[in-house]
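Next come the chains, spelled out residue by residue.
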Amino acid sequence: MTEPAWPAQTPPPQTPARRLIRQPDDTGALGREPGPVEPRAVGLDAVEPSVAELPARPSRAEGLALLGEFAGSGLARPVFLARRADGQVVALTELLARIVEAADGTRDVAAIADDAGRRCARAVSGADVTYLLTHRLLPLGLIAAPGGVTPAPRAAGLFTIAGRRTLLPASAVYRISGVFAVFFRPAAVTMLLGLLVAADVWLFGGHSVRDSAAMVLATPSMILVLVGLTIACALFHECGHAAACRYGGARPGVIGFGMYLVWPAFFTDVTDSYRLSRWGRLRTDLGGIYFNGLFAMLVVGIYALTGAEVLVTAVLLIHLDALRQLAPFVRLDGYYIVSDLVGVPDLFNRMGPAVRAAGRVVVHAIPSRRRARAGSAPDPRLAGLTRRARFMVTAWALCTAPVLALNIVMLLVYAPFVLPRTAMAVRDEFGGAGQALTEGALVTALAGAVGGVLVALPALGMVFVLVLLGRRVTRGVRALLANGRRPGRGRPGRHRSPVVARGQRGRHRSPAVPRGARPAVPSVPGPRSSRASSPDGRRRVARVSSPTGGRGCPRCRGR
């Protein structure tokens, strides 16, 4: 699966008082992330560069790639994307994008202002460009710093893949994707999907899945066959994302592996697919599931030749895994499909504001509660969306939030009962494996060890999620206590700061920003990847599942 990680948005830095400069209307960042403006905001701890530190001829940071306008965006204003060398994707307004394009190291500030103003069809002064370079683009790592060390804030994502390692370099993935891209031609898609339907009807219509499963459970060595087929299918799934990306005209990155929670996961860096149209991105999202079907058809062909019953169970698990990857509640392929349909890849970053906005609508519908709270205003993360995108994001959030909350409650309730029993089952599995090893049954011992690991992984995942949940709750409580100790106006414990809080896109007004300017810092999304999303790129991540059907696909597409 692919996961475009479009991380959280960077909070606008607090600028020192300075003389007023006439700012264009869109000097700030857009009002979104691809994708990735989702999770927590990225803090900028470094001191902002001063005007004196700005190079005489500013140039783009090394390795920066300009992806152009984000097609099919759900934002009310045009969005332009740039990808840093570390894979992070930054969303920019047109003016900021034109300034970055003009900053090629051969122009001074005045020439950059002339070029950007001509391309934007508006008046842009050298003072405007100086302000945007020093307070917007340099802190985001898009312009090379004078000292040679370019600041590179990163956005942290929710449900992301950890411990990434490269399995296949980008050059190898590019060659492999060129071979498989032919499968996305319309005639080939129609023919292969028809063959897949015929193969499934033949396999499940004339052969018993129950007998196949019973044989697998009675023969421990067959579990190893299922695990091997699962890993091979996961890799082929990633090749599908890469091939779809290249077929659309983008260049896929590396294929790697990491850990999604505690499950092993593969991912494909398809961040470059952000330059494609909406249909091109959807093709990339669905490419992995399409290749799951092709792999299932290949397994059916092998079964027709060999008659190995284990292959019937393998085909069933491949199809179940493809269905699971369509779930839109975590960073599986389904999440990125919804993101690209809406045109807002940073869905998780907008889930909280969408749920709160829906709650306010319900409360205001009650006659006795219609009086709105003074000073309430739409969250900028929703206000910057089109009406269609706002409706779809709210619908997704109202479906996702209860599902996640229910899973967390069930996790807290069942963990005290599941963990001790899992420990006993793991002990029995490894005990049986040790006994088989002493008797010389190497295959049985290996199957027992693999079974013990597969039994232990879900329990370890529960513990890991509980630890993450505890950390988030602790940080939230500390933040509330810290805000309560600050002096504020109005209600006790509330303090309004001119700087937007972490993770928000609000407007920030100070003596340095005149009326009409929108200095919110551009969002910093990550790459797209396949089965678990990664804040450093849109990576599609395909998680290796157990023979019992446990595999999900968070998108490291960075998609």
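Residues numbered from 1 in each chain as written. Predicted model: local features only at pLDDT ≥ 70, side-chain atom pairs only at ≥ 80, totals over all residues. Heavy atoms only, no water.

Brief notes about the pattern of salt bridges
Counted by the stated rule, this structure contains eleven salt bridges. D428 is the partner of R427 in a salt bridge, and the nearest nitrogen-oxygen pair spans 4.0 Å. Here the salt bridges do not stand alone but share partners, grouping E94, R98, E101 and R119 into one network. (Salt bridge = Lys/Arg side-chain N within 4 Å of Asp/Glu carboxyl O.)

Concerning the side chain of H237
Secondary-structure assignment places H237 in helix 7 (residues 220-247). For H237, a relative accessible area of 0% puts it in the buried group. At 3.3 Å, the side chain of H237 and the side chain of Q325 are in polar contact. (Helix = DSSP H or I, 4+ residues; strand = E, 2+ residues; numbered from the N terminus. Buried < 20%, exposed > 50% of the residue type's maximum accessible area, 1.4 Å probe, protein only. Polar contact = N/O pair within 3.5 Å; in protein donor to acceptor, adjacent residues only side chain to side chain.)

Some points on the nonpolar core
F291 and L294 are the most contacted members of the largest nonpolar core, which has 33 residues in total. Going through the elements one at a time, helix 4 (170-180), helix 5 (186-206), helix 7, helix 8 (278-306) and helix 9 (310-324) are the ones with two or more residues in this core. The dominant element in this core, judged by the number of residues it contributes, is helix 8, at nine residues. Core analysis: the second largest hydrophobic core is formed by 29 residues, A102, I112, C120 and L140 among them. (Core = buried A, V, L, I, M, F, W, Y, C linked by side-chain atoms within 4.5 Å.)

Focus: the pairing of strand 7 (residues 263-269)
Burial within strand 7 is extensive, with six of its seven residues counted as buried. Relative to strand 7, strand 6 (residues 255-260) is paired through six bridges, and the arrangement is antiparallel. Opposite G258, over in strand 7, you have A265 as the bridge partner. (Pairing = 2+ DSSP bridges.)

What about helix 9?
Taking 1.5 Å of rise per residue, 15 residues should cover 21 Å, and helix 9 covers 21 Å from first to last C-alpha, within 8% of that figure. Within the span of helix 9, buried status applies to V310, L311, V312, T313, A314, V315, L317, I318, D321 and A322. Residues of helix 9 that are buried in the fold lie against helix 5, helix 6 (209-218), helix 7 and helix 8. (Expected span 1.5 Å × (residues − 1). Contact = heavy atoms within 4.5 Å.)

Brief notes about the packing of aromatic side chains
Under the definition given, this model contains 16 aromatic pairs. When the ring of Y290 is compared with that of F291, the centres are 5.8 Å apart and the planes differ by 65°; the resulting orientation is edge-to-face. Residue class for Y290 comes out buried when judged on its relative accessible area of 12%. Here the aromatic residues F180, F183, F184, F236, Y247, Y290, F291 and F295 are joined through ring pairs into a cluster of three or more. We note R246 situated over the ring of Y174; from NZ or CZ to the ring centre the distance is 3.8 Å. (Phe/Tyr/Trp six-rings, centres within 6.5 Å; stacked < 30°, edge-to-face > 60°. Lys NZ or Arg CZ within 6 Å of the ring centre and 35° of its normal.)

As for the confidence of the model for the chain
The share of residues in the chain with pLDDT of 70 or more is 73%, and the mean pLDDT across the chain is 75. pLDDT under 50 marks residues 3-48. Its contacts with residues more than four places away, or in other chains, come to 263 contacts. Considering only residues more than four positions removed or in separate chains, one finds that residues 489-555, a stretch of pLDDT under 50, has 457 contacts. (pLDDT = per-residue confidence, 0-100.)

So, the packing of helix 6 against helix 7
Between helix 6 and helix 7, the shortest axis-to-axis distance is 5 Å and the interhelical angle comes to 110°. Overall, the two elements helix 6 and helix 7 adopt an arrangement that is roughly perpendicular. Mapping the contact onto sequence places M215, V216 and A218 in helix 6 and P220, M222, I223 and L226 in helix 7. Broken down by class, the residue content of the contact of helix 6 with helix 7 amounts to seven nonpolar, no polar and no charged. (Axes fitted to C-alpha atoms, helices over the stretch in contact; angles between N-to-C directions. Parallel < 35°, antiparallel > 145°, perpendicular 65-115°, else oblique. Nonpolar A, V, L, I, M, F, W, Y, C, P; charged D, E, K, R; others polar.)

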